Amino acid sequence: MDQYWVIGNPIAHSKSPLIHRLFAEQTQESLNYAPLLGEEGRFAQQVQEALQGSGKGMNVTLPFKEQAWALAEVRSQAAQAAGAVNTLWRDEQGRLCGDNTDGCGLVTDLIKNHHVMLSGQRVLLLGAGGAARGVVLPLLQAGVAELVIANRTLSKAETLVNDLAPFALNAARLHACAFSDLGEAPFDLIINATSASLQGALPAISTKLVSTHTLCYDMMYAAEPTAFCLWAEAQGGRALDGLGMLIEQAAEAFYIWRGVRPQTASVMQALRQALQNV
Ligand code: NDP
């Protein structure tokens, strides 16, 4: 039977095995999908050992996405722009291929699941780590009018803008900004790609950036609403968490590997239930 993996460290918490099992059941694809504890210094060897014979594909999570990028012989444009790979497989010539489906997952969740029109929108992206890096190009490709990247450490946002500008169709739409210089005009969409919610903390931005028409999207997800979602709703904005992004990036990986696109609505319900039961 075809074998797939998700590699990371830690890995026991990963929801990917459940998501891909549900996709496989729904599409009647015959496959196994298992977690693999990545070992620093052995990552490349682990990938080469796994992706042979019945080993057909691998998802990659923290802290190995950059190493997976370096290892891939063929990279998608999304992977190239992100500098990180979360999906690996071999092509017909046996070359190791890498894609980054995180940004596609976010954009699909917004457009397909929540009917958000990204085209022409003024968007604020908070954070300049790996998660932020993966979504910049897909947001620009979705036609946002302006994308402001703000980070606690401004220099990292500036580096991100400089790195991504060569990929942008219109780099003038992309700016770096300090939290304190964001002004007072509300954004259409604010995406929290910081890890602040993991500590129950908030990025230090003005409440004036949120109006009743602002959608606030926290990439983090949990059984309870995140600190950022609660803050957004307290300002009168609409709030979404990142569970849909997680499931949609997995659906894109499944499609790359199997050529079959799973439906995600029922998987979303099952995952929401699983989060409540933890
Ligand atoms: P990184 O460690 O690469 O980056 C962390 C970012 O958060 C940095 O920009 C950092 O700023 C910022 N930050 C951390 N604490 C605070 C704080 N208290 N206030 C303001 N900024 C802060 O993490 P990732 O980019 O990999 O992940 C970010 C989040 O995205 C995580 O919550 C992760 O779970 C989530 N995620 C969700 C996915 C999904 O599918 N839903 C996929 C990938 C990630 P500085 O540079 O100043 O340190």
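Cut-offs used in this document
- Residue numbers run consecutively from 1 along every chain, following the written order of its sequence.
- Predicted model: local features are reported for residues with pLDDT of at least 70 only, side-chain atom pairs are reported and counted for 80 or more only, and whole-chain, interface and lining totals are derived from all residues.
- With hydrogens and water excluded, all non-hydrogen atoms of the structure serve as input to the side-chain values.
- UniProt positions are given in the numbering used here, feature names are shortened, and annotations may be inferred rather than shown by experiment.
- Under the DSSP-based scheme used, a helix requires at least four consecutive residues in state H or I and a strand at least two consecutive residues in state E, with every element numbered from the N terminus.
- Any two residues whose heavy atoms approach within 4.5 Å are treated as being in contact.
- At least two DSSP bridges between two strands are needed for those strands to be called paired.
- Each axis is a line fitted through C-alpha atoms, taken for helices only over the stretch in contact, and angles between the N-to-C directions span 0 to 180 degrees.
- For every residue, the accessible area (1.4 Å probe, protein chains only) is compared with the maximum for its type, and the residue is labelled buried under 20%, exposed over 50%, or partly exposed between those bounds.
- Relevant arc is that of directions from the helix axis to the C-beta atoms, nothing else.
- One heavy atom within 4 Å of a molecule or strand makes the whole residue count as near it.
- Two N or O atoms form a polar contact when they lie within 3.5 Å of each other; inside protein one atom must be a possible hydrogen donor and the other a possible acceptor, and for residues adjacent in sequence the pair counts only when both atoms belong to side chains.
- Only the protein chains shown count as cover for residues, and the accessible areas themselves come from Shrake-Rupley with a 1.4 Å probe.
- In this classification, the charged set is Asp, Glu, Lys and Arg, the nonpolar set is Ala, Val, Leu, Ile, Met, Phe, Trp, Tyr, Cys and Pro, and all remaining amino acids, among them Gly, are polar.
- Domain segmentation is taken from an automatic or database assignment of domains.
- Throughout, the accessible surface (probe 1.4 Å) given up by two parts as they are put together, summed over both, is called the buried area.
- Salt bridges are defined by distance alone: a side-chain nitrogen of Lys or Arg within 4 Å of a carboxyl oxygen of Asp or Glu.
- Definition used in this section: a nonpolar core is a set of buried Ala, Val, Leu, Ile, Met, Phe, Trp, Tyr and Cys residues joined via side-chain atoms within 4.5 Å.

You'll find the protein chain entered in an unreviewed UniProt entry as Shikimate dehydrogenase (NADP(+)), with Nitrincola tapanii given as the organism. Taken directly from UniProt, the Sequence similarities (unreviewed entry) text for the protein chain runs: "Belongs to the shikimate dehydrogenase family."

K.L.:
Which residues make up the side chain of Asn-86, and what values go with them?
P.N.:
With respect to the element layout, Asn-86 can be found in the loop between helix H4 (77-82) and strand S5 (87-90). With residues up to four places along the chain from it excluded, the contact list for Asn-86 reads Met-58, Asn-59, Val-60, Lys-65, Asp-99, Asn-100, Thr-101, Asp-102 and Gln-249.

K.L.:
Explain the UniProt feature "active site" (unreviewed entry) in the protein chain residue by residue, including any values.
P.N.:
On the UniProt side, "active site" (unreviewed entry) is annotated at positions that read Lys-65 here. With near-sequence residues (within four places) excluded, Lys-65 lies in contact with Val-60, Ala-84, Val-85, Asn-86 and Asp-102.

K.L.:
Which residues make up the environment of His-20, and what values go with them?
P.N.:
Structurally, the position occupied by His-20 is in helix H1 (residues 16-27). His-20 sits 227 residues away from Ile-247 along the chain, and the two C-alpha atoms are 9.2 Å apart. Once residues lying within four places of it in the same chain are set aside, the contact partners of His-20 are Tyr-33, Asn-59, Ala-250, Phe-254 and Trp-257.

K.L.:
Just give me the short version of the sheet that holds strand S1 (residues 2-8), but keep the residues and values in it.
P.N.:
If you trace the 6 strands from one edge of the open sheet to the other, you get S2-S1-S3-S5-S6-S4, paired in mixed fashion. Only two strands of the sheet have a single neighbouring strand rather than two, namely strand S2 (31-37) and strand S4 (74-75). Pairing analysis gives 3 bridges linking strand S3 (residues 55-60) to S5, with the strands arranged antiparallel. Of the residues in S5, the one forming a bridge with Asn-59 is Thr-87. Packing against the sheet, helix H9 (residues 243-258) makes contact with S1, S2, S3, S5 and strand S6 (96-99), and its axis sits at approximately 5° to S5.

K.L.:
Now, about unusual backbone geometry: what can you tell me, with residues and values included?
P.N.:
For the bond from Asn-9 to Pro-10, the omega torsion is 5°, close enough to zero to count as cis. Among the structural elements, Pro-10 can be located in the loop between S1 and H1. The backbone of Gln-28 sits at a positive phi, close to 55°, despite the residue not being glycine. Relative to the helices and strands, Gln-28 is located in the loop between H1 and S2.

K.L.:
Outline helix H2 (residues 43-50), supporting the account with residue identities and numerical values.
P.N.:
Side chains three or four residues apart in an α-helix point the same way, a direct result of the helix having 3.6 residues per turn. Residues Phe-43, Gln-46, Val-47 and Ala-50 constitute the buried set of H2. Buried positions in H2, seen along its axis, are confined to an arc of 100° and lie on one side of it. As for H2, its buried residues are in contact with S1, S2, S3, helix H3 (65-71), S5 and S6.

K.L.:
Mind laying out the site of the ligand, listing which residues take part and the relevant values?
P.N.:
Surveying the vicinity of the ligand reveals 21 residues, the closest of which are Ala-131, Asn-151, Arg-152, Thr-153 and Met-219. A distance of 3.0 Å separates an oxygen atom of the ligand from a polar backbone atom of Ala-128. Protein coverage of the free-state accessible area of the ligand, which is 930 Å², stands at 79%. For the shell around the ligand, the secondary-structure elements that each account for two or more residues are helix H6 (130-141) and H9. Residue composition of the shell around the ligand, grouped by class: 10 nonpolar, 9 polar and 2 charged.

K.L.:
I'd like a description of the domain arrangement of the protein chain, backed by residues and values.
P.N.:
According to the domain assignment, the protein chain contains domain 1 (2-100) and domain 2 (103-243). At the junction of the two partners, domain 1 supplies 6 residues and domain 2 supplies 7 residues. Interface area lost by domain 1 to domain 2 is led by Gln-77, Ala-81 and Ala-82, which between them contribute 63%. At the junction of domain 1 and domain 2, the tally comes to 0 salt bridges. The tally of links from domain 1 across to domain 2 stands at 1 residue pair in polar contact (both at pLDDT 80 or more). Its residues placed into classes, the side of domain 1 that touches domain 2 shows 3 nonpolar, 3 polar and no charged.

K.L.:
Describe the nonpolar core, listing the residues and the values that go with them.
P.N.:
Residues Leu-125, Val-136, Leu-139, Leu-147 and Ile-191 are the most contacted members of the largest nonpolar core, which totals 32 residues. Within the residue set of this core, elements represented by two or more residues are helix H5 (102-113), strand S7 (122-126), H6, strand S8 (146-150), helix H7 (154-164), strand S10 (189-192) and strand S11 (215-218). For this core, the element with the most residues is H6, which contributes 6 residues. Other than its neighbours up to four places away in sequence, Val-136 contacts Leu-125, Leu-147, Ile-149, Leu-160, Leu-164 and Leu-174. Of all hydrophobic cores here, the second largest spans 22 residues; its members include Ile-11, Tyr-33, Cys-97 and Leu-243.

K.L.:
Kindly report on the sheet that holds S10, identifying the contributing residues and their values.
P.N.:
Strand order in this open sheet of 6 strands is S9-S8-S7-S10-S11-S12, and the pairing throughout is parallel. On the outer flanks of this sheet lie strand S9 (174-177) and strand S12 (238-241), each paired with one strand and no other. Each neighbouring strand pair of the sheet contributes to a mean axis angle of 20°, computed without reference to strand direction. As paired strands, S7 and S8 are joined by 5 bridges and run parallel to one another.

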